[in-house]
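# Residue-level structure breakdown
Listed below, chain by chain, are the residues.
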Amino acid sequence: MAQSQKTLAGPVEIEGVGLHSGRRVALRILPGEAGSGIVFVRRDLDEAEIPASYRLLNGSNFSTTLSRGQVVVATVEHLLSALQGLSIDNARIEMDDAEVPILDGSALPFVDRIREAGTRSLGRPRRFLALTRPVRVTAGDKEILALPDNAFQATYAIDFAHPVIGAQSVTTEVTEESYIESIAPARTFCLLRDVEAMRRSGLALGGSLDNALVVGEDGVLNGSLRFPDEFARHKVLDLIGDLTLLGSPIRAHVIAFKGGHRLHAALVEKIMSTPSAWAIATSDDTLPAASLARFARLKDSLLPHLAGVAG
Ligand SMILES: [Zn+2]
C-alpha cells in the first residue's frame, strides 16, 4: 500500500533565540490537515500565513527566508529539515517573531520534541516529486546535480580553504532512521575570522558557542565535534530543509559540491520551472530498471571524482 501523509499527533512548543536577530521567539508546531502542507503563521502580525513554498523565497546565502508582502519568516531551514526528515507533510507553525529559534544549531531539538509529541497518519497518499531526468545548476565552482532515483539520496562535498574543515564529503540515503541518527545532530558552523564582519552587517547577533560551531585556526572552539565530518553533514541537513520548498518530498539522488542556500534555491527553482523533468508519484510508482541503470552509470563516473576531491 502506498505511504500515507503524516502530521504531528499533538502540539509542540519551543522557545529560543533567533541566530541573526538575537531576539527571543516562541514557536508552536500544530498538526495540519492532509494536503495543507507546511504553513508558517505570524501570531504577532494578525495571524498572517506564509506557506513553505519556493514561490515565497527571499534569497540570502546565510539562511533561508520566506516573505509575502511585508511579512517575513527567517532561518526556516533547520525546522523544515526536521519535518522533512521525520516525513511530516503537513503542519502549522505559529511564531510570535520573524526568526525560527536556532536552539543548538542543529535539527536535533526539533526532532526530539516532535518525536515526543508523536506523529499520525492522515490516510491520504503521500505525493512525491519523482525526478525523471537529470537537473543541474552551477554558480562559479559550485555545482548541484540531481539524478532520478527511487529513493531520496544526498551526497555533499565541501572544500574549505581552512585547516580545520578542509575537504569532506558524505553520502546518505535519507530515511527517518538515517536522518535522526546521522544528519539531525550536525550543527551549523561559522569561521571565527568571519564573525566580526557578520556582526557588523547585523547578522549572527544571537550567535554563541551554544548554537554554532565556531571554527578557529587551530580547531573548533566548542570542544568536540559530534561527527568527524559534522560540517558536510550539516550541509545535507540544510539541503533537506531547502528542498522542502518544492512542496513535495523529492525522489532523486542530489549530488552537491560546495553548495549553499542560494544554490539550493536555484536547484528548487530550476526543477519547478522544468516540469518535463519530474512527475508526481506515490511510493508505489517506481522508475523502470533500464532508466535507473543509465543514471547509475552516470553516478559511477561522478562519485569517485567527488571522493577524490574530499580525500
Ligand atoms: Zn544550517
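About the criteria used
Residues numbered from 1 in each chain as written. Predicted model: local features only at pLDDT ≥ 70, side-chain atom pairs only at ≥ 80, totals over all residues. Heavy atoms only, no water. Patch = residues over 30% accessible without salt bridge, like charges linked within 9 Å, V, L, I, M, F, W, Y side chains within 5 Å. Areas by Shrake-Rupley, 256 points an atom, 1.4 Å probe, with all protein chains shown as cover. Salt bridge = Lys/Arg side-chain N within 4 Å of Asp/Glu carboxyl O. Buried < 20%, exposed > 50% of the residue type's maximum accessible area, 1.4 Å probe, protein only. Donors = N, O, S within 2.8 Å, 3.2 Å for Na, K, Ca; no water. Tetrahedral: all angles 85-135°; square planar, octahedral: opposite > 155°, others 65-115°. Helix = DSSP H or I, 4+ residues; strand = E, 2+ residues; numbered from the N terminus. Polar contact = N/O pair within 3.5 Å; in protein donor to acceptor, adjacent residues only side chain to side chain. Expected span 1.5 Å × (residues − 1).

A separate point is a nonpolar patch on the surface. On the surface, Leu192, Leu209 and Leu221 cluster together into a nonpolar patch covering about 260 Å² of accessible area. Overall, Leu192 belongs to the partly exposed group, its relative accessible area being 43%.

Before going further, it helps to spend a moment on the coordination of the zinc ion. Looking at the zinc ion, one finds its protein donor set to be His78 (NE2), His234 (NE2), Asp238 (OD) and Asp238 (OD), positioned 2.1 to 2.7 Å from the metal centre. Around the zinc ion sit 4 donor atoms, and with donor-metal-donor angles ranging over 53 to 150 degrees the site reads as irregular. Spacing between the donor residues of the zinc ion along the chain follows H-x155-H-x3-D. Linking His78 in helix α1 (residues 77-85) with Asp238 in helix α5 (residues 230-243), this pair joins segments that are 160 residues apart in sequence. The exposure classification of His78 matches that of Asp238, with both residues buried.

Quick look at the environment of Arg251 now. One can find Arg251 in strand β17 (residues 250-257). Linking Arg251 and Phe152, residues 99 residues apart in sequence, is a C-alpha distance of 4.7 Å. Looking at Arg251, its side chain comes within polar contact range of the main-chain oxygen of Asp285, at 2.5 Å.

As for its placement among the helices and strands, Thr282 is situated in the loop between β18 (278-281) and α7 (289-310). Its relative accessible area of 21% is what places Thr282 among the partly exposed residues. For the pair Thr282 and Ala130, spaced 152 residues apart in the sequence, the C-alpha separation amounts to 8.9 Å.

Moving on, we come to α5. The end-to-end C-alpha separation of α5 is 20 Å, in line with the 20 Å expected for 14 residues at 1.5 Å each. Summarising burial for α5: 14 of the 14 residues are buried, a large majority.

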